[in-house]
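Below, each chain spelled out in residue letters.
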Amino acid sequence: ACRCVLMAKSSGVRLRLDAKAAITYADSQSRKAARRAARIAVQRAKSNVARKGRIDTGRMRASIEVHSEKRKRLHPAYVVGPRVKYGKYQEFGTRAHGPKKARVMRFTPKGSNRVVYARWVRGVKAAHFMRDALNSVNVRDYTG
């Protein structure tokens with residue numbers, strides 16, 4: 001990253017920074033730091049899911065992962081979140097709702113073998129496990 005040039009007329013040494021090498025190095029370091037923080041956010045989101053009691057089969061918790069987002073140099077970005085479609089409903093919650101086409105909804109409650117019919121059901125309260133994981137990320141997570 002640095003190139004030394006010996007000056008002929010003086011006894012000094014002139015140091016020149018190789019700009020391309022410096023940018024490449026800074027880019028790799030910023031990517032490593034962002035990836036490190038994203039991995040920590042994944043672990044915190046998974047623990048938030050368990051802490052909020054949103055584990056039934058464990059599928060949503062296991063699906064939380066990191067994806068790299070294509071960006072310009074020196075501006076790395078990573079997306080952290082669950083792959084399952086219902087992760088959005090667990091994060092933001094739902095309002096009370098009823099059937100769209102039928103007169104009643106039919107479902108089997110968790111832990112039961114009986115069928116329940118309902119015209120209206122309460123919504124799901126928001127867990128905000130991803131928001132809390134994002135809010136807990138700090139500078140130490142980037143630097144290690």
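See the structure shown above.
Residues numbered from 1 in each chain as written. Predicted model: local features only at pLDDT ≥ 70, side-chain atom pairs only at ≥ 80, totals over all residues. Heavy atoms only, no water.

Student: When you look at the pattern of salt bridges in this model, what are you seeing that I'm missing?
Tutor: Pairing between side chains of opposite charge can happen when the charged atoms of each approach one another. The tally for this structure, following the rule as stated, stands at six salt bridges. The partner of aspartate 27 in a salt bridge is arginine 31, with the nearest N and O atoms 3.3 Å apart. Of this pair, aspartate 27 and arginine 31 both sit in helix α1 (residues 19-51), separated by four residues, roughly a single helical turn. By relative accessible area, aspartate 27 is classed as buried at 10%. Given a relative accessible area of 22%, arginine 31 falls into the partly exposed group. (Salt bridge = Lys/Arg side-chain N within 4 Å of Asp/Glu carboxyl O. Helix = DSSP H or I, 4+ residues; strand = E, 2+ residues; numbered from the N terminus. Buried < 20%, exposed > 50% of the residue type's maximum accessible area, 1.4 Å probe, protein only.)

Student: Please explain α1 as it appears in this structure.
Tutor: Residues spaced three or four apart along an α-helix point in a common direction, a consequence of the helix completing one turn every 3.6 residues. With 33 residues, α1 should reach 48 Å at 1.5 Å per residue; the first-to-last C-alpha distance of 48 Å fits that figure. Within the sequence span of α1, burial applies to Asp27, Ala33, Ala34, Ala37, Ala38, Ala41, Val42, Ala45, Lys46, Asn48 and Val49. The secondary structure elements touched by the buried residues of α1 are α2 (59-63), β3 (65-69), β4 (77-81), α4 (129-135) and α5 (139-143). Glycine 53, located one to two residues past α1, shows a positive phi value of around 70°. (Expected span 1.5 Å × (residues − 1). Contact = heavy atoms within 4.5 Å.)

Student: What is the right way to read unusual backbone geometry from this model?
Tutor: A negative phi holds for most residues other than glycine; trans holds for most peptide bonds. Its identity as a non-glycine residue notwithstanding, leucine 74 has a phi of 65°, on the positive side. Mapped onto the fold, leucine 74 is located in the loop between β3 and β4. Although it is not a glycine, histidine 128 sits at a positive phi angle of roughly 50°. Looking at where histidine 128 falls in the secondary structure, it is placed in the loop between β6 (116-118) and α4.

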